[in-house]
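The lines below spell out each chain.
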Amino acid sequence: MTHTISTLQQNVYIADHPPIVVDDVHENTISPLLLRRLVDSAQDGAVGVAAAYHRDCTLSYLTFATLTRGLVVHFSPSQKANQWKKKKQGQAQQPPLYRGRTLLQEHILCDPNVQLFGYRMDRITVAIFMELSLRVNAAVDILSLVAGRNGRRSFEALMNALGGELLLQKENVKTIFAARQADDVHATKDVALQAWAACRAATLPEMASRCATLSRIATDTMPDVYLSALAMISRHADILESLRPTKVVNNVKGDFVSKAGNLNLECTRFKTRIMR
């Protein structure tokens with residue numbers, strides 16, 4: 001694929017923000033100049049990160065963003081699955097070296113002057129390790145900034161982590177952070193905005209002080225055996241979650257009765273229950 005440059009206008013926050021210049025590249029065309037341009041635009045070293053995944057939960061591409069610049073990096077098909085299989089059979093080989101990935105790790109992922117912020121950062125760091133054989137030095141999950149009454153994965157928690165409902169365009173947040181496959185035509189724009197929103201949230205004055213007190217995810221200090229085990233557990237959990245149905249269908253008789261706020265239904269498939 002060719003290196004393309006586009007301009008993206010954020011629609012996450014109500015307040016106006018300058019347009020975001022986005023570079024869209026394949027990992028083979030990454031250069032130190034491209035990465036330095038992104039990092040130099042970062043406010044206090046804050047860089048947002050987001051990821052898109054294939055249907056099998058493996059990584060498709062990463063997006064990085066500051067308040068004014070974005071970078072989308074597409075990766076070659078992963079050989080990691082075969083490596084895991086060979087490792088079990090005692091035939092493990094060293095993964096191939098990709099210059100672009102090495103540059104990513106040196107200039108962004110493990111640069112001590114860069115602070116990474118992302119939504120569901122644990123999943124992103126697992127994908128970076130499993131598909132790219134890379135580590136991160138200092139990453140923060142923005143969901144750690146707050147806790148919603150309905151749980152860490154709730155929409156309420158996401159809204160609070162981004163600064164609160166008064167600052168946000170709620171319906172757009174729902175759309176942008178909705179789970180999408182990497183082949184969705186709107187995915188690249190939305191994933192880039194996810195990274196931008198994570199960066200914006202971390203640099204809000206009222207949120208920056210909270211970010212400073214949070215523990216960092218640092219996979220570069222973890223032994224391979226521990227990180228590999230944790231990564232596999234996390235990936236299996238993601239796969240199981242992706243297989244869960246997104247809606248419940250009940251077959252009920254059409255002549256139901258509603259009186260005084262009470263609804264009486266008779267299920268024609270399971271006689272003993274109705275699922276909400």
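Use the structure listed above.
So, here's what we can say about the structure. (Residues numbered from 1 in each chain as written. Predicted model: local features only at pLDDT ≥ 70, side-chain atom pairs only at ≥ 80, totals over all residues. Heavy atoms only, no water.)

Where helix 7 (residues 187-203) meets helix 8 (residues 205-213), the axes come as close as 5 Å, and the angle between the chain directions of the two elements is 90°. Between helix 7 and helix 8, the angle falls in the class roughly perpendicular. When helix 7 is examined against helix 8, the residues A201, A202 and T203 are found in contact with a partner set consisting of P205, M207, A208 and C211. For the contact of helix 7 with helix 8, the residue count by class is 6 nonpolar, 1 polar and no charged. (Axes fitted to C-alpha atoms, helices over the stretch in contact; angles between N-to-C directions. Helix = DSSP H or I, 4+ residues; strand = E, 2+ residues; numbered from the N terminus. Parallel < 35°, antiparallel > 145°, perpendicular 65-115°, else oblique. Contact = heavy atoms within 4.5 Å. Nonpolar A, V, L, I, M, F, W, Y, C, P; charged D, E, K, R; others polar.)

If you walk across this open sheet you meet the 7 strands as 1-2-5-4-3-6-7, and the pairing is mixed. At either end of the open sheet lies a strand with only one pairing partner, and these are strand 1 (4-8) and strand 7 (139-141). Across this sheet, the average inter-strand angle for adjacent strands is 25°, counted without regard to direction. Where strand 1 meets strand 2 (residues 20-26), 5 bridges bridge the pair, whose relative direction is antiparallel. Paired with T7 across the bridge in strand 2 is V21. Packing of helix 1 (residues 32-40) onto the sheet brings it into contact with strand 2, strand 4 (59-65) and strand 5 (69-74), and relative to strand 5 it is tilted by some 140°. Sheet contacts for helix 3 (residues 99-109): strand 4, strand 5 and strand 6 (115-118); angle to strand 4, the most-contacted strand, approximately 35°. (Pairing = 2+ DSSP bridges.)

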